[in-house]
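Results of the structural survey
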Amino acid sequence: MKIFQSGAELQKYALELKRSGRTIGFVPTMGFLHDGHMSLIDIARKKADVVIVSIFVNPTQFAPNEDFDRYPRDFDGDVAKCAAHGADVIYAPEAAEMYRPDASTWVEETVLSKPLCGISRPTFYRGVTTVVAKLFLLAQPDFAVFGLKDAQQCFVIQRMVRDMNFPVEIIPAPLVRDADGLALSSRNRYLSADERSRALSIHRSLLAAKARIAADRRTIAAAVEEAKVAITAAGGRVDYVEVLDCDTLQTPTDASRRVILAAAAFFGTTRLIDNEIFNL
Ligand code: AMP
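Summarised in this report is the structure supplied together with it. (Residues numbered from 1 in each chain as written. Predicted model: local features only at pLDDT ≥ 70, side-chain atom pairs only at ≥ 80, totals over all residues. Heavy atoms only, no water.)

**Focus on the sheet that holds strand β2 (residues 24–29)**
Strands sit in the order β1-β4-β3-β2-β5-β6 across an open sheet of six strands; the sheet is parallel. The open sheet is flanked by β1 (2–4) and β6 (169–173), the only strands paired with a single partner. Within the sheet, the average angular offset between the axes of one strand and its neighbour, ignoring direction, is 25 degrees. Here five bridges tie strand β5 (residues 143–147) to β6, and the two strands are oriented parallel to one another. Directly across from F143, in β6, lies its bridge partner E169. Packing of helix α7 (residues 151–164) onto the sheet brings it into contact with β5 and β6, and relative to β6 it is tilted by some 170 degrees. (Pairing = 2+ DSSP bridges. Helix = DSSP H or I, 4+ residues; strand = E, 2+ residues; numbered from the N terminus. Axes fitted to C-alpha atoms, helices over the stretch in contact; angles between N-to-C directions. Contact = heavy atoms within 4.5 Å.)

**Some points on the packing of helix α8 (residues 193–215) against helix α9 (residues 220–233)**
Direction vectors running N to C along α8 and α9 enclose 165 degrees, while the axes themselves pass 9 Å from each other. With respect to α9, the axis of α8 lies roughly antiparallel. Helix-helix and strand crossings are classified by hand; for α8 and α9 the assignment is right-handed. Across the interface between the two elements, S201, I202, S205, A209, R212 and I213 of α8 pack against I220, A222, A223, E226, A227, A230 and I231 of α9. (Parallel < 35°, antiparallel > 145°, perpendicular 65-115°, else oblique. Left-handed = near helix turned anticlockwise from the far one by under 90°.)

**A few points about α8**
Residues that lie three or four places apart on an α-helix share one face, since the helix turns once every 3.6 residues. An ideal rise of 1.5 Å per residue puts 33 Å on 23 residues; α8 measures up with 35 Å between its terminal C-alpha atoms. If you check which residues of α8 are buried, you get A199, L200, S201, I202, H203, S205, L206, A209 and I213. Contact partners of the buried residues in α8: α9, β7 (237–245), β8 (258–267) and β9 (270–279). (Expected span 1.5 Å × (residues − 1). Buried < 20%, exposed > 50% of the residue type's maximum accessible area, 1.4 Å probe, protein only.)

**A look at the site of the ligand**
In the vicinity of the ligand lie 17 residues, with H37, G147, D150, V176 and L184 positioned nearest. Contact between the ligand and G147: an oxygen atom at 2.9 Å from a main-chain N or O atom of the residue. Its free accessible area being 480 Å², the ligand has 92% of it covered by the protein chains. For the shell around the ligand, the secondary structure elements donating two or more residues are β2, α2 (35–47) and β5. Here the shell around the ligand gets three residues from one element, more than from any other, and that element is α2. Classifying every residue of the shell around the ligand by side-chain character gives nine nonpolar, six polar and two charged. (Near = heavy atom within 4 Å. Polar contact = N/O pair within 3.5 Å; in protein donor to acceptor, adjacent residues only side chain to side chain. Areas by Shrake-Rupley, 256 points an atom, 1.4 Å probe, with all protein chains shown as cover. Nonpolar A, V, L, I, M, F, W, Y, C, P; charged D, E, K, R; others polar.)

**Some thoughts on the packing of aromatic side chains**
The geometry of an aromatic ring pair is captured by two quantities: the separation of the ring centres and the angle between the planes. Scanning all chains against the criterion turns up eight aromatic pairs. Here the aromatic rings of F62 and Y71 are separated by 6.0 Å at their centres, their planes lie at 75 degrees, and the arrangement is edge-to-face. Residue F62 is classed as buried on the basis of its relative accessible area, which comes to 9%. Among the residues examined, Y71 registers a relative accessible area of 7% and is labelled buried. Ring pairs connect the aromatic residues F26, F136, F146 and F166, which therefore count as one cluster. Over the face of the ring belonging to F124 we find R121, whose NZ or CZ atom lies 4.1 Å from the ring centre. (Phe/Tyr/Trp six-rings, centres within 6.5 Å; stacked < 30°, edge-to-face > 60°. Lys NZ or Arg CZ within 6 Å of the ring centre and 35° of its normal.)

**So, the pattern of salt bridges**
Inspection of every chain in the model, using the stated rule, returns 16 salt bridges. The partner of R162 in a salt bridge is D163, and the shortest N-O contact between them spans 2.9 Å. Look at R162 and you get exposed, because its relative accessible area is 54%. A relative accessible area of 43% places D163 in the partly exposed class. Across the salt bridge formed by R177 and E276, the nearest N and O atoms sit 3.3 Å from each other. (Salt bridge = Lys/Arg side-chain N within 4 Å of Asp/Glu carboxyl O.)

**Re the nonpolar core**
Ranked by internal contacts, the top residues of the largest apolar core, which has 47 residues, are F136, I157 and I170. With 10 residues, helix α6 (residues 124–139) is the largest single contributor of residues to this core. Residues A209, V224, A265 and F267 belong to the second largest nonpolar core, which totals 23 residues. (Core = buried A, V, L, I, M, F, W, Y, C linked by side-chain atoms within 4.5 Å.)

**Let's talk about the side chain of T29**
Turning to its location among the elements, T29 is positioned in strand β2. A residue is classified by how much of its surface remains accessible, and T29, at 8% relative accessible area, is buried. Within the structure, T29 has its side chain in polar contact with the backbone oxygen of S54 (distance 2.8 Å). With near-sequence residues (within four places) excluded, T29 lies in contact with H37, V53, S54, I55 and F56.

**Brief notes about the environment of S113**
Topologically, S113 is positioned in the loop between α4 (95–98) and α5 (117–120). Along the primary structure S113 and R196 are separated by 83 residues, whereas in three dimensions their C-alpha atoms are 28 Å apart.

**A closer look at the sheet that holds β8**
Taken in spatial order, the three strands make up an open sheet running β7-β8-β9, and their pairing is antiparallel. This sheet does not close on itself; its edge strands, each paired only once, are β7 and β9. Between one strand axis and the next, the sheet turns through 10 degrees on average, direction left out of account. Where β8 and β9 come together, 10 bridges link them in antiparallel fashion. Directly across from A264, in β9, lies its bridge partner I273. Against the sheet, α8 makes contact with β7, β8 and β9, and its axis sits at roughly 20 degrees relative to β9, the strand it touches most.

What follows is the structure, given as structure tokens:
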């Protein structure tokens, strides 16, 4: 497995691969890899000649009050997991390598990035789209795999690729959970045992709300309220629970079919997100 720290070297290598007719599958991550990340690498491995994984805790997607400084890191463990799942290349730049001190260009999606996480994290998606656009230009992928754990992020990236004509196919991958239902996340590492068991209320209440709404779409408001009450009763601080049309990320209309029921809540100081996507 090759490990690159230099973007220029990665880009040169990727362009040579392309010239020799090889296909490149790409999995961008922030590291501290778990089975959710591995599922994306497995999908890329099945489809591409060469699999590139990036490991980069991207400073531009963290607000000053967020957890950039304490975001968990385990580079050696990540390298071993990538190797075990057949990745060919890891790109792990330093922040100073990725962003010049006087960098002044952003890539910004302005509609799908506004609701849900965009409300409490108003600069988050601008950081994500900017770094993903840069990573696409460095890794030159034919396709990139994004997890539906971060469904809004996946939709924002699909819109960016469409609007900016990136020659990259975006492959959404299913959300991977622990056996007890908690969505796998690098941030689960922050949870105490007690917080972790209380946090199971997020997925439980989403499943209850989904069952109600799928049976009768007129119950959306009541089901969402019930989920908020259940998460709060378990000791969570709800950021949002919402049902939105997957295509527009607006309130569903009578014509809406596929919807996302999404939640974000704090347990202790840890902000967790989860969602269920289903048809009305
Ligand atoms: P992150 O390292 O958290 O930035 O995530 C990198 C990629 O892994 C993103 O496309 C995430 O959506 C995906 N991912 C993270 N957790 C999961 C999970 N539990 N299931 C599926 N994909 C995930």
